[in-house]
Amino acid sequence: MAITRGASIALIACSVALASCGSLNPLSRGDRAASAGTEQGIGVNSFLWRASLDTLSFMPLITADPWGGVINYDWHTPAASPNERFKATVFILDTRLRADALNVTVTREIRNEAGQWIAQPVNPQTETDLENAILTRARQLNLAYAG
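Residues numbered from 1 in each chain as written. Predicted model: local features only at pLDDT ≥ 70, side-chain atom pairs only at ≥ 80, totals over all residues. Heavy atoms only, no water.

### Topic: the pairing of strand β3 (residues 84–92)
Then comes step 1: Bridging between strand β2 (residues 70–73) and β3 involves 3 bridges; their strand directions are antiparallel. Directly across from N72, in β3, lies its bridge partner T89.
Then comes step 2: Bridge count between β3 and strand β4 (residues 102–111): 9 bridges; the pairing is antiparallel. Paired with K87 across the bridge in β4 is T107. (Pairing = 2+ DSSP bridges. Helix = DSSP H or I, 4+ residues; strand = E, 2+ residues; numbered from the N terminus.)

Below you can see the structure in the form of structure tokens.
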């Protein structure tokens with residue numbers, strides 16, 4: 001009985017010691033996460049994160065949450081169409097550099113004759129084009145990092 005109890009205590013102690021070891025802990029992000037394009041302190045793919053900020057840098061930034069993977073941009077009015085404005089939100093959904101790890105939503109408004117902003121539909125191709133631009137930039141950053 002005493003031997004069994006001692007063996008159990010030793011087994012528990014070894015388990016705790018191994019769990020605290022970063023290279024053996026499956027919850028540890030360690031070197032594997034760094035090589036996949038993520039960094040300590042950021043919860044999403046760092047290439048997608050940087051590419052999103054670069055690609056939409058023409059829009060005013062409201063908030064950026066690197067742990068939750070959400071970037072909110074404020075209204076942007078193109079110089080060519082002063083009665084139209086756009087707002088965007090970028091969602092980075094994974095730590096891997098993949099097309100399905102990115103989602104961009106765009107809101108569009110047009111000013112009517114009374115000066116009020118009225119919500120309008122956004123061409124779905126606009127969101128797809130922004131996602132493709134971000135993915136292209138992320139791949140460029142990844143290649144530059146690897147090279």
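The structure having been displayed, the exposition proceeds.
### Overview of helix α4 (residues 124–146)
Then comes step 1: Given a rise of 1.5 Å per residue, 23 residues ought to cover 33 Å, and the 33 Å separating the end C-alpha atoms of α4 matches this to within 8%.
Then comes step 2: Turning to α4, its buried residues number three or more, namely L130, E131, I134, L135, A138 and L141.
Then comes step 3: Buried residues along α4 sit in contact with α3 (46–55), β3 and β4.
Then comes step 4: Its side-chain oxygen placed 3.0 Å from the backbone nitrogen of Q125, N123 serves as the N-cap of α4. (Expected span 1.5 Å × (residues − 1). Buried < 20%, exposed > 50% of the residue type's maximum accessible area, 1.4 Å probe, protein only. Contact = heavy atoms within 4.5 Å. Polar contact = N/O pair within 3.5 Å; in protein donor to acceptor, adjacent residues only side chain to side chain.)

### Points about the environment of N72
Then comes step 1: With respect to the helices and strands, N72 occurs in strand β2.
Then comes step 2: Residues N72 and V90, 18 residues apart in the sequence, show an inter-C-alpha distance of 6.6 Å.
Then comes step 3: Among all residues touching N72, those that are not within four sequence positions of it are L61, I62, T63, A88 and T89.

### Thoughts on the environment of V44
Then comes step 1: Note that V44 resides in the loop between α2 (30–35) and α3.
Then comes step 2: In this structure V44 comes out as buried when scored by relative accessible area, which is 2%.
Then comes step 3: Each C-alpha atom, one on V44 and one on F91, is 9.7 Å from the other, the two residues being 47 residues apart in sequence.

Fair warning: the whole summary comes from geometry, so function is off the table for now.
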